[in-house]
Amino acid sequence: MPQVGTANPTRWTNWAGNQSALPTRTATPGTPEELAKEILRAADQGRTVKAAGSGHSFTSIASPGEGLLLRPHALTAVRGLDREAGTVTVESGLPLHRLNRLLAAEGLSLTNMGDIEVQTVAGATSTGTHGTGRDSGSLAAQIRALEIVLADGSVHRCSPTENPRLFEGARLGLGALGVITALTFAVEPAFLLTAHEQPMSFDEVLDRLDDLTAVNEHFEFYWFPHTDRCSTKRNNRSQGPAAPLPRFKEWLEDDFLSNTVWEGACRVGRRFPRSVPAIASLASRAWSERSFTDTAYKVFTSPRKVRFVEMEYAVPREALTEVLRELKALVERSDWRISFPVEVRFAPADDLWLSTASGRDSAYIAVHLYRGTADQGYFTGVEQLMAAHRGRPHWGKLHTRDAAYLAGVYPHFADFTALRDEVDPRRVFGNDYLRRVLGD
């Protein structure tokens, strides 16, 4: 049976292991109607409702607390593919890796992606998951229509022409407006990407940044703290032919070195913090120059097996160079020992109310700590720096910002909270995280 409900508490834990909850009830509805019944039942009992995807948020945005936890595993169907319109409609619990392969089999592709593909489509879009791009950014910006179940059990389909205000808020809705049951994405004919990865010095990357981001469709880089070295990646569309990495080389570099060996290095750094600068120096030299051409989603995404916690802020694109130099100086004068590289990506301005790129060209700065590593002020110091530049935190990554701060950096924040007041006045979909970031 597609619907599974249980009142036996089962602990929910996210991927990183830093968030957990013990919901009173868990259900796995298989249709919007079944989901609506679960929502109404929970509301009548005075319980909150949260839908949790793959658990790849580091914040407690999906935490059900002691309420009803909705699992997505029975809402994974492909509802329709419209080649003429260039869209695909899928249910909310479909994982991105399955969507990518289904589209590839039909000769189609999403325009852009983040660097992992294990999230559900609704989880990824509702938290603002993004890749890097000169002309395209987040997954939510590729949504053309959606279906959502509200707190009163009503099922709504919305798009720019049907329930447009609900569409504006729900494309990137933090799970605060209702439970999304289906999404319609824009798709295009499948394409190849050529990846060119190249080491560069920190100063060279910053000196050439305007050119690197203007010339390349997708540019990103990693800076290794305690060093002056970066690893850059340029992804551009290619006419082919495909020239993927040989299987052994791909396994050696992208799995064994980037995951197995890196896990061991992180464990050593956690146990012996004084060794971290030496490890960082070795790691920054391990990534050599290489190029390959492959199906787009295979280039966009990489396996991530080393578990960590992460903070990421979007700052105005024009402020990036200043922010990065301040960050480097902050690391150099501190006692921090940072084993993970700092990741930098880009996105153009968009019109989503709660997108971190809403209304402004943005640069993303992500910092990480290996699981179990004591923070010692790293995330706090980085957050203070980002806030000084009107940074916007990724909704699914660690931060301490509240509604008062966020209202000042999002031009449509009041539009979103007003919509929330209309569709969920009783806060059926609320939790501690949403109370902090949206207010009560």
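Since this is a predicted model, take the numbers as computed values, not measurements.

Draft legend 1. Quick look at the overall build of the protein chain. When you go through the protein chain residue by residue, the secondary structure sums to 14 helices and 21 strands. By principal-axis analysis of the C-alpha atoms, the protein chain measures approximately 60 × 50 × 40 Å. Buried residues in the protein chain amount to 59% of all 440 residues. Carbon and sulfur atoms make up 51% of the accessible area of the protein chain, which totals about 18100 Å².

Draft legend 2. Layout of the packing of aromatic side chains. As enumerated under the stated definition, the model contains 10 aromatic pairs in all. Geometrically, the ring pair formed by Trp15 and Phe58 is edge-to-face, given 6.3 Å between the ring centres and 80 degrees between the ring planes. On the criterion of sequence distance, the pair formed by Trp15 in the loop between strand E2 (12-13) and strand E3 (20-21) and Phe58 in the loop between strand E5 (49-51) and strand E6 (68-70) is long-range, its members being 43 residues apart. Aromatic ring contacts, followed pair by pair, group Trp15, Phe58, Phe308 and Phe340 into a single cluster.

Draft legend 3. Inspection of the pairing of strand E15 (residues 218-223) at higher detail. With respect to burial, E15 is a largely interior element, 5 of its 6 residues being buried. The sheet contact formed by E15 and strand E16 (residues 229-238) spans 6 bridges and is antiparallel. Note that in E16 the partner of Phe221 across the bridge is Thr232. In sequence, E15 turns back onto E16 through a hairpin of 5 residues, with His226 there showing a positive phi of about 75 degrees. Bridge count between E15 and strand E19 (residues 342-347): 3 bridges; the pairing is antiparallel. Its bridge partner being in E19, Tyr222 is matched across the sheet by Glu343.

Draft legend 4. Representation of the environment of Ser231 in the model. Residue position: Ser231 is located in strand E16. With 84 residues separating them in the primary sequence, Ser231 and Val315 have C-alpha atoms 21 Å apart.

Draft legend 5. Spotlight on the side chain of His389. Position of His389 among the secondary structure elements: in the loop between helix H11 (378-388) and strand E21 (392-393). Looking at His389, the relative accessible area reads 14%, which means it is buried. A distance of 3.4 Å separates a polar atom in the side chain of His389 from a polar atom in the side chain of Glu326. Look past the residues within four positions of His389 in its chain and what remains in contact with it is Pro316, Ala319, Glu322, Val323 and Glu326.

Draft legend 6. Looking closely at the sheet that holds strand E10 (residues 143-149). The 5 strands are arranged E7-E8-E12-E10-E11 in an open sheet whose pairing can be described as antiparallel. Of all the strands in the sheet, just strand E7 (78-82) and strand E11 (155-158) have a single pairing partner and so form its edges. Geometrically, the sheet is characterised by an average inter-axis angle of 10 degrees between neighbouring strands, direction not taken into account. Sheet analysis places E10 next to strand E12 (residues 179-186), joined by 6 bridges and oriented antiparallel. By the bridge assignment, Leu146 is partnered in E12 with Leu183.

Parameters and conventions
Residues numbered from 1 in each chain as written. Predicted model: local features only at pLDDT ≥ 70, side-chain atom pairs only at ≥ 80, totals over all residues. Heavy atoms only, no water. Helix = DSSP H or I, 4+ residues; strand = E, 2+ residues; numbered from the N terminus. Buried < 20%, exposed > 50% of the residue type's maximum accessible area, 1.4 Å probe, protein only. Areas by Shrake-Rupley, 256 points an atom, 1.4 Å probe, with all protein chains shown as cover. Phe/Tyr/Trp six-rings, centres within 6.5 Å; stacked < 30°, edge-to-face > 60°. Pairing = 2+ DSSP bridges. Polar contact = N/O pair within 3.5 Å; in protein donor to acceptor, adjacent residues only side chain to side chain. Contact = heavy atoms within 4.5 Å. Axes fitted to C-alpha atoms, helices over the stretch in contact; angles between N-to-C directions.

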